[in-house]
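# Residue-level structure breakdown
Given next are the chains, with one letter for each unit.
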Amino acid sequence: MIEVHHIDKSYGSLTVLKDINWQVRRGQFWGVIGPNGSGKSTLISLLSGVEKPNRGQIKLGGRRISEYKRKELSRKLAVLQQDGLPPVAYPVREVIEMGRFPFQNWRGRENSEAARQLMDEIMAKLELNELASRPLHVLSGGQRQRVALGKVMAQQPEIVLLDEPTTYLDIRHQVQFMELVAGWQREAGLTVISVMHDLNLAALYCDQLLVLHQGRVVAEGTPEQIINSEMIESVFHVKSHIVTHPDQGEPQLLLRKTDRANVK
Amino acid sequence: MRSKLAGYGIIGLALLAMTLLICIGVGSVYLPAGEIMAILLHHIPWIGDFITPDWSTASEQIVMKVRLPRVLLGLLVGASLAVAGAAFQGVLRNPLSDPFTLGVSSGSALGAAVLIFLGWQYSWIGVFTLPAVAFVTGSLTLWIVMWLARENGKIPIENLILSGVVMQSFLGAVVSFLTAMSKKTVNEILYWTMGSLSLRGWSYTAILLPYMALGLIFLWSRARTLNLLALGERQAVHTGLNVEFTKLSVLFVATLLTAAAVSVSGVIGFVGLVVPHIIRLITGPDYRLIIPLSALGGGIFMMWSDLAARSLLAPIEIPLGIVTAFVGAPFFAYLLYRKKREREVEMR
């Protein structure tokens, strides 16, 4: 589905990504993890085609990303940014309808019956019907992020890129959001690539993880293969215990306080 | 959305018709609305044949030769400036931008003033020379203002307004200098610095109409993309919008509209600021409503302003730009104040 071949990316003299090689197959749920400044968000920008690599190439379905027209790309690939949607005065349903933009002709028309049905499904699935005519700026952060997800769903993409989608949410809304994404992925056979800050959430919901450190891939594989206290210490510089989740056996991280005697 | 547009549109058109009758009726000679309607209908083919003239030829002369062209020109100028203002606000995502505050009006006026100073206003491509040159100098001004205001690839609101004001004062000084240097054309250039619709006749209306019509249609067709841009440039790109092309084409057409308006009426400030904001307060943020309703609102606003300009101190005429500034500048201050309040609320 996505092939990343030997890409480098730098801004001026600052190299952000070095020689990244990566294959993503259809239907996978990838989590991209790594400390701040490791190049996670840059990788998402490159995949979304907003920025171009200095070297190497990224292919989507066998074609280079740069060969796609903007609208064409948006029918295949959707992006949900970290900051989601700004507090504007547009009503919820209209914002979600804006996700149909890549399918509309210049007059803003498309097969309206099918589109309306899709909108109704999305509104119901995300439990947004009560908020349909509420303007965005009066919504809470969790609600607004749900609207952002709805707009991305309206794009009916094959791949969705999420850039730290749960950063500004409380734990209830973090779990709710990840459940919605996981449900959508199962139903639509979607490919998901999500930058994650919370390693436990990443281990629970992602079936593959890519670990970036100082612009390089240092590990990739299933959470069970990758998450161990040595990796965590070398990449994140924190000491931890790894335990297995009693429900499904995913690795979960317990942080350890630094032993005061060891601090120099 | 469509029913909303129809509702507001009908109210707007009714207000427009009322304004039209009042503005044609009021003047040194008062004309009753019934007579004006009869004269206007008489000049429409087919319907005109059913109306027998029972008015004096003087009344007909006043309506057809003096007041109607002036009022219609006001409608077109107001509509052009208001639509351009709405487009600038949408594409720069800056509520304080309009053709005047961005310096585009002053830039266009400078081009026009230089041509008149040199006596070249009808050379090269005839009546299109003035709008074309005004467009070039207006675009150059916009480019300089945006270049001055740019900071790390972004254009902060305050920088943009500051650069606009700087350019506006500088260009205004150049135009004033030209006025002082020129002997016979003083009044004509002076019009361009303060705006006027007097003694323009039908030819100016005919010049402006195609710009206004095409500009309005184009910008209205971009309304959906302006809505998308309101969510942020990154969002818009991800949703499939070619952001750079959209921004350039909208800026281009909005500048063209401004230049065409300025080259027939001079610099009339704040119309593009006040009107879209009032429309936005009534209808909400949807540009599919804001663009067409701004055209109606701008026309109405301009006709009333011109009525005030020519009748408040009659027979002396107040320059039109001064009338709109009396309304617009306090409104601008109010917007600044509100912006400040919003930021204070966000900080908490």
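- Per an unreviewed UniProt entry, chain B goes by Corrinoid ABC transporter permease and derives from Paenibacillus aceti.
- Taken verbatim from the UniProt record of chain B, the Sequence similarities (unreviewed entry) comment is "Belongs to the binding-protein-dependent transport system permease family. FecCD subfamily."

- Chain A appears in an unreviewed UniProt entry as ABC transporter ATP-binding protein from Paenibacillus aceti.

## Observations concerning the overall build of chain B
- The secondary structure content of chain B amounts to 14 helices and 0 strands.
- Along chain B, helices (α) and strands (β) appear in the sequence α-α-α-α-α-α-α-α-α-α-α-α-α-α when read from the amino end.
- In summary, chain B has a C-alpha radius of gyration of 21 Å against a globular reference of 20 Å for 348 residues, a match within 12%.
- The principal-axis extents of the C-alpha atoms in chain B amount to approximately 65 × 55 × 40 Å.
- By the burial criterion, 55% of the 348 residues in chain B qualify as buried.
- Excluding contacts between residues fewer than 6 apart, the proportion of contacts in chain B whose partners are at least 24 apart in sequence is 75%.
- Considering chain B, the positive charge centre built from 24 side chains and the negative charge centre built from 16 side chains are found 7 Å apart.

## Considering the overall build of chain A
- A tally of regular secondary structure across chain A gives 9 helices and 12 strands.
- By the compact-globule yardstick of 18 Å for 264 residues, chain A fits well, its C-alpha radius of gyration being 19 Å.
- The 264 residues of chain A split such that 49% are buried.
- Total accessible area on chain A stands at roughly 13000 Å², and carbon and sulfur atoms take up 46% of it.
- Of the charged side chains in chain A, 33 are positive and 30 negative, and the gap between their average positions amounts to 6 Å.

## Here we look at the interface of chain A and chain B
- If you look at the interface, chain A gives 29 residues, while chain B gives 20 residues.
- Between chain A and chain B, the buried area comes to about 2100 Å², and carbon and sulfur atoms account for 56% of it.
- Where chain A touches chain B, the interface holds 1 salt bridge.
- Counting across the interface, chain A meets chain B through 11 residue pairs in polar contact (both at pLDDT 80 or more).
- Looking at the side of chain A that touches chain B, the elements that each hand over two or more residues are α2 (70-76), β6 (77-80) and α3 (92-98) of chain A.
- Among the residues forming the side of chain A that touches chain B, the class breakdown is 13 nonpolar, 10 polar and 6 charged.

## Brief notes about the sheet that holds strand β7 (residues 159-163) of chain A
All names here are of chain A.
- Taken together, 6 strands build an open sheet; the order of strands is β6-β7-β8-β3-β9-β10 and the sheet is mixed. Only two strands of the sheet have a single neighbouring strand rather than two, namely β6 and β10 (216-221). The average angle at which neighbouring strand axes cross in this sheet is 15°, direction not considered.
- Examined bridge by bridge, strand β3 (residues 29-33) and strand β8 (residues 191-195) share 4 bridges and lie parallel to one another. Looking at the pairing, Trp30 lines up with Ile193 of β8.
- Contacting β9 (208-213) and β10, helix α9 (residues 229-236) runs over the sheet at an angle of about 35° to β9.

## Structural notes on helix α13 (residues 287-311) of chain B
Residue and element names in this part refer to chain B.
- For α13, which comprises 25 residues, the first-to-last C-alpha distance of 35 Å matches the rise-based estimate of 36 Å (1.5 Å per residue) to within 8%.
- Approximately 30° is the largest bend angle found in α13, and it occurs at Ser294.
- Of all 25 residues in α13, 22 are buried, a share of seventy percent or more.

## Thoughts on the packing of aromatic side chains
- Applying the stated rule across the entire model yields 5 aromatic pairs over all chains.
- Between Trp22 of chain A and Trp30 of chain A, the ring centres sit 5.2 Å apart and the planes meet at 85°, which makes this aromatic pair edge-to-face. Each member of the pair, Trp22 of chain A together with Trp30 of chain A, is buried.
- Taken together, Phe100, Phe270 and Phe332 of chain B form an aromatic cluster joined through their ring pairs.
- The ring of Phe101 of chain A is capped by Lys71 of chain A, whose NZ or CZ atom sits 4.7 Å from the centre of that ring.

## Side note on a nonpolar patch on the surface
Residues and elements named next belong to chain B.
- A cluster of nonpolar side chains, Ile11, Leu15, Met18, Ile22, Val26, Tyr30 and Trp304, forms an exposed patch at the surface whose accessible area comes to about 650 Å².
- Among the elements that line the nonpolar patch, the one with the most residues is helix α1 (residues 2-25), at 4 residues.
- When you line up the elements, Met18 lands in helix α1.

## Re the sheet that holds strand β5 (residues 63-64) of chain A
All names here are of chain A.
- The sheet built from 4 strands is open, its strands ordered β2-β1-β4-β5 with antiparallel pairing. The outermost strands of the open sheet, each flanked by one partner alone, are β2 (14-24) and β5.
- Pairing geometry for strand β1 (residues 2-11) and β2, over 7 bridges, is antiparallel. For Tyr11, the partnering residue across the bridge sits in β2 and is Leu14.

## Description of the side chain of Gln81 of chain A
- With respect to the helices, strands and loops of the structure, Gln81 of chain A is situated in the loop between β6 and α3.
- Take Gln81 of chain A: its relative accessible area is 13%, and that puts it in the buried class.
- Among the polar contacts made by the side chain of Gln81 of chain A, one reaches the main-chain amide nitrogen of Gln235 of chain B at a distance of 3.3 Å.
- In this structure Gln81 of chain A touches Gln145 and Asp163 of chain A together with Arg234, Gln235 and His238 of chain B, once residues within four positions along its chain are discounted.

Reading the values: the criteria
Residues numbered from 1 in each chain as written. Chains lettered and ligands numbered in written order. Predicted model: local features only at pLDDT ≥ 70, side-chain atom pairs only at ≥ 80, totals over all residues. Heavy atoms only, no water. UniProt positions renumbered as here; feature names shortened; annotations may be inferred. Helix = DSSP H or I, 4+ residues; strand = E, 2+ residues; numbered from the N terminus. Rg over C-alpha atoms; globule rule 2.2 N^0.38 Å. Buried < 20%, exposed > 50% of the residue type's maximum accessible area, 1.4 Å probe, protein only. Contact = heavy atoms within 4.5 Å. Lys, Arg positive; Asp, Glu negative; His and termini not counted. Charge placed at Lys NZ, Arg CZ, Asp CG, Glu CD. Areas by Shrake-Rupley, 256 points an atom, 1.4 Å probe, with all protein chains shown as cover. Buried area = accessible area lost by both parts, 1.4 Å probe. Salt bridge = Lys/Arg side-chain N within 4 Å of Asp/Glu carboxyl O. Polar contact = N/O pair within 3.5 Å; in protein donor to acceptor, adjacent residues only side chain to side chain. Nonpolar A, V, L, I, M, F, W, Y, C, P; charged D, E, K, R; others polar. Pairing = 2+ DSSP bridges. Axes fitted to C-alpha atoms, helices over the stretch in contact; angles between N-to-C directions. Expected span 1.5 Å × (residues − 1). Bend = angle between axes of the 7 residues up to and from the residue. Phe/Tyr/Trp six-rings, centres within 6.5 Å; stacked < 30°, edge-to-face > 60°. Lys NZ or Arg CZ within 6 Å of the ring centre and 35° of its normal. Patch = residues over 30% accessible without salt bridge, like charges linked within 9 Å, V, L, I, M, F, W, Y side chains within 5 Å.

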